[in-house]
Each structure stands twice: as C-alpha cells, then as structure tokens.
Amino acid sequence: LEKSELWFRLKSLESFLSNQKVKYERSELFMKIKAMGGKDKQIKIAGSNYNIWCVPMEKPYTEGFDVEIKTEGDII
C-alpha cells in the first residue's frame, strides 16, 4: 500500500471519539497525534481560517465502497 496522510479537524475527531465513548483531554490528543508523526496546518476555505491536523497512514482499501478520497489540493 502506498503511504498517504489523513487530514481532519480536531473538533471532528473529538466528536467521533465522544460518540465512541472514548474520553481524552485535548492536550492528550495533541500528544498522541504528535507521537504518530502528526502535524497541524492552518488553511483558508471560503474566507474562513481553519486549523487542520494530519497523521501519516497507508492508503485505505476502498475498492467496492462508495468512498471519495480527497487530496489537500482538492480541499484548498
């Protein structure tokens, strides 16, 4: 599998974890993301600034699934 990055908003990750009944303090999430080789970046979308994060990952297997994979260039 080829290497890729998973980009996300921290608020979305916190919401997902909460739905899964997993509790982390925001500072713990920062440390875990950094330990995974993660990084953050500020981007502008439709005139608004957003802080997004990414972690390295292998490209997901999506054959047979209706999944749209977007690159950073697609978002900005």
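Look up: the structure comes first, before these words.
Residues numbered from 1 in each chain as written. Predicted model: local features only at pLDDT ≥ 70, side-chain atom pairs only at ≥ 80, totals over all residues. Heavy atoms only, no water.

1. Some remarks on the overall build of the chain
And step 1. Within the chain one finds 3 helices and 3 strands.
And step 2. In the chain, the succession of helices and strands from N to C terminus is β-α-α-β-β-α.
And step 3. Here the chain holds 76 residues, and 14% of them are scored as buried.
And step 4. When contacts within the chain are restricted to residue pairs at least 6 apart in sequence, long-range pairs at least 24 apart make up 49% of them.
And step 5. As displayed, the chain offers around 6,200 Å² of accessible surface, 51% of which is attributable to carbon and sulfur atoms. (Helix = DSSP H or I, 4+ residues; strand = E, 2+ residues; numbered from the N terminus. Buried < 20%, exposed > 50% of the residue type's maximum accessible area, 1.4 Å probe, protein only. Contact = heavy atoms within 4.5 Å. Areas by Shrake-Rupley, 256 points an atom, 1.4 Å probe, with all protein chains shown as cover.)

2. Section: the nonpolar core
And step 1. Counting 7 residues, the largest nonpolar core consists of Phe 8, Leu 10, Leu 17, Leu 29, Ile 33, Trp 53 and Val 55.
And step 2. Broken down by secondary-structure element, the contributors of at least two residues to this core are helix 1 (10-19), helix 2 (26-35) and strand 3 (48-58).
And step 3. Apart from the residues lying within four places of it in its own chain, the contact partners of Leu 17 are Val 22, Tyr 24 and Leu 29. (Core = buried A, V, L, I, M, F, W, Y, C linked by side-chain atoms within 4.5 Å.)

3. What to know about the pattern of salt bridges
And step 1. Under the defined criterion, the tally for this structure stands at 2 salt bridges.
And step 2. The shortest N-O distance in the salt bridge between Glu 5 and Lys 39 comes to 3.2 Å. With a gap of 34 residues between them, Glu 5 in strand 1 (residues 3-8) and Lys 39 in strand 2 (residues 39-45) connect regions that are remote in the sequence.
And step 3. One salt bridge in this structure joins Glu 14 and Arg 26, with 2.7 Å as the shortest N-O distance. In this pair, Glu 14 sits in helix 1 while Arg 26 sits in helix 2, placing the two residues 12 residues apart along the sequence.
And step 4. On the basis of relative accessibility, which here comes to 25%, the residue Glu 14 falls in the partly exposed class.
And step 5. On the basis of relative accessibility, which here comes to 41%, the residue Arg 26 falls in the partly exposed class. (Salt bridge = Lys/Arg side-chain N within 4 Å of Asp/Glu carboxyl O.)

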